Amino acid sequence: MKNRFVVFALIAAISTVSAVSCGNDKTDESSVTLDLPKVTTEVKESETEPLTESTTEKTTAVKTTAVSASSTTEVTTEVTTEPSTEEVTEAPAEEVTEPPADESPVTEPPATEPPATEPPVVQQVKFGLDNLDNSAVDVVSSLGDALDVQNATGCLSNGADQRIYIYDGLRLSCYMNGDTPYVYEIIITNSNYSTSNGVTVGSSRSDVESAYGAGEESGNYVLYYDGSKELDIEYDGDTVKSIIFYMPV
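To start, this report covers the structure provided alongside it. (Residues numbered from 1 in each chain as written. Predicted model: local features only at pLDDT ≥ 70, side-chain atom pairs only at ≥ 80, totals over all residues. Heavy atoms only, no water.)

1. Brief notes about the overall build of the chain
To keep it simple, the criterion reads: Put simply, DSSP marks the helices as runs of H or I at least four residues long and the strands as runs of E at least two long, and each gets a number from the N terminus on. Using a 1.4 Å probe, the Shrake-Rupley method yields the accessible areas, and only the shown protein chains count as cover for residues.
From N to C terminus, the chain includes 3 helices and 13 strands. When the accessible surface of the chain is summed, it comes to about 18,500 Å², and 51% of that surface belongs to carbon and sulfur atoms.

2. Observations regarding the side chain of Thr200
Quick note on the threshold: With a 1.4 Å probe rolled over the protein chains alone, any residue whose accessible area is under 20% of its type maximum counts as buried; one over 50% counts as exposed, and the rest are partly exposed. Every residue pair with non-hydrogen atoms within 4.5 Å of one another is taken to be in contact.
With respect to the helices, strands and loops of the structure, Thr200 is situated in the loop between strand 9 (193-195) and helix 3 (205-212). Residue class for Thr200 comes out buried when judged on its relative accessible area of 12%. Residues contacting Thr200, with those up to four places away along its chain left out, are Gln124, Asn190, Ser191, Tyr193, Ser194, Val240 and Ile243.

3. Examining the packing of aromatic side chains
The description of two aromatic rings rests on the distance between their centres and on the angle between their planes. Put simply, the rule is: Working definition: rings of Phe, Tyr and Trp (its six-membered ring) pair if their centres are within 6.5 Å, and the pair is stacked with planes under 30 degrees apart, edge-to-face with planes over 60 apart, and tilted otherwise. Two conditions define a charge sitting above a ring: the NZ of Lys or the CZ of Arg must be within 6 Å of the ring centre, and it must be within 35 degrees of the ring normal.
One pass over the structure, following the stated rule, counts 3 aromatic pairs. On the basis of an interplanar angle of 45° and a centroid distance of 5.7 Å, the ring pair of Tyr212 and Tyr224 is categorised as tilted. With a gap of 12 residues between them, Tyr212 in helix 3 and Tyr224 in strand 11 (residues 221-226) connect regions that are remote in the sequence. For Tyr212, a relative accessible area of 24% corresponds to the partly exposed category. One cation-aromatic arrangement involves Arg205 over Tyr235; the distance from NZ or CZ to the ring centre is 4.0 Å.

4. Examining unusual backbone geometry
Backbone geometry places Asp133, a non-glycine residue, at a positive phi of 65°. By secondary structure assignment, the location of Asp133 is in the loop between strand 4 (125-127) and helix 2 (137-143). Using a relative accessible area of 35% as the deciding quantity, one classes Asp133 as partly exposed.

5. A short note on the nonpolar core
Filter applied, for reference: For our purposes a nonpolar core is just a set of buried Ala, Val, Leu, Ile, Met, Phe, Trp, Tyr and Cys residues, chained together by side-chain atoms within 4.5 Å.
Counting residues in each nonpolar core, the largest one holds 32 residues, and the members touching the most others are Phe127, Leu172 and Ile188. Mapped by element, the contributors of at least two residues to this core are strand 4, helix 2, strand 6 (162-167), strand 7 (170-177), strand 8 (180-188), strand 11, strand 12 (229-236) and strand 13 (239-246). Setting aside its immediate chain neighbours within four residues, Ile188 contacts Phe127, Gly169, Leu170, Tyr193, Ser194, Val201, Ser242, Ile243 and Phe245.

6. Some remarks on the pairing of strand 7
Regular strands place side chains that alternate from one sheet face to the opposite one. In plain terms, the rule: Whether two strands pair depends on DSSP finding at least two bridges between them.
Along strand 7, 6 of the 8 residues are buried, which leaves the element largely enclosed by surrounding structure. Across 6 bridges, strand 6 lies against strand 7 in antiparallel orientation. Counted as the bridge partner of Ile166 is Arg171 from strand 7. A loop of 2 residues connects strand 6 with strand 7, the two strands running antiparallel in sequence, and Gly169 in this loop sits at a positive phi of about 85°. Sheet topology note: the strand 7/strand 8 ladder contains 8 bridges and is antiparallel. Looking across to strand 8, one finds that Arg171 is bridged to Ile187. Here strand 7 folds back onto strand 8 in antiparallel fashion, the turn holding 2 residues, of which Gly178 has a positive phi close to 70°.

7. Digging into the sheet that holds strand 8
The strands making up a sheet associate through backbone hydrogen bonding, with each pair oriented either parallel or antiparallel. So the rule is basically this: Interaxial angle, 0 to 180 degrees, is taken between N-to-C directions of lines fitted to C-alpha atoms, where a helix line uses only the stretch in contact.
Spatially, the 8 strands line up as an open sheet ordered 5-6-7-8-13-12-11-10, and their pairing is antiparallel. The open sheet has two free edges, formed respectively by strand 5 (148-152) and strand 10 (216-218), since each of these has just one partner strand. The sheet shows a mean angle of 25° between the axes of neighbouring strands, taken without regard to direction. Where strand 12 lies against strand 13, 7 bridges are found, and the strand directions are antiparallel. Its bridge partner being in strand 13, Asp232 is matched across the sheet by Ile244. Strands strand 10, strand 11, strand 12 and strand 13 of the sheet are contacted by helix 3, whose axis makes an angle of about 160° with strand 12.

Any link to function would need more than the numbers given here.
Shown next as structure tokens:
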């Protein structure tokens, strides 16, 4: 039984071989298995020179292998890319402008000006008839340095030497008694000096009359006497122009 099964198997195998070999002239489409061609592509890139901005050269090799039931075809295609003549221009980098810093204007504190300094008030030096025939030492000391000092020998009627101290707006004439000057005349020509009653250059006639009375007029002068001493007020209109204290020597 076993042997019979082997025989049947052999016969079936032989029949199958015969059916295939007979298909050399005509092939039954239903009994043929088609193998789809396999395509294998190899791409090779080689750079003939470094890539630059202006020139790029690439060589691409494409190898195609087709496999079919009857034959195998190998196709190799080389594609050469000519160097590019187009110059690559890089776009200029955008300049980044930072927004201005929020700076607050620096305001300097206003300069503090020193307080205006008023010129010192000139202390009026007052004179009166009592200064005549008295020493001029204290008066000269209070007046300070004179602008000029003039001396004359034996020119006065009493034979004494004369010394004159000259200041701005004041002329102080003295006779010498030894080394001591004695006042015999005072002439005031500006408002830095005044009489003991407050009359000065620029005072009005009414101010003078309030202090000394009417007086004796002589031309532009009004004279006031006290023995041998006198006060002479010179006017320019009704305004005091000069003041003179005098005594003869």
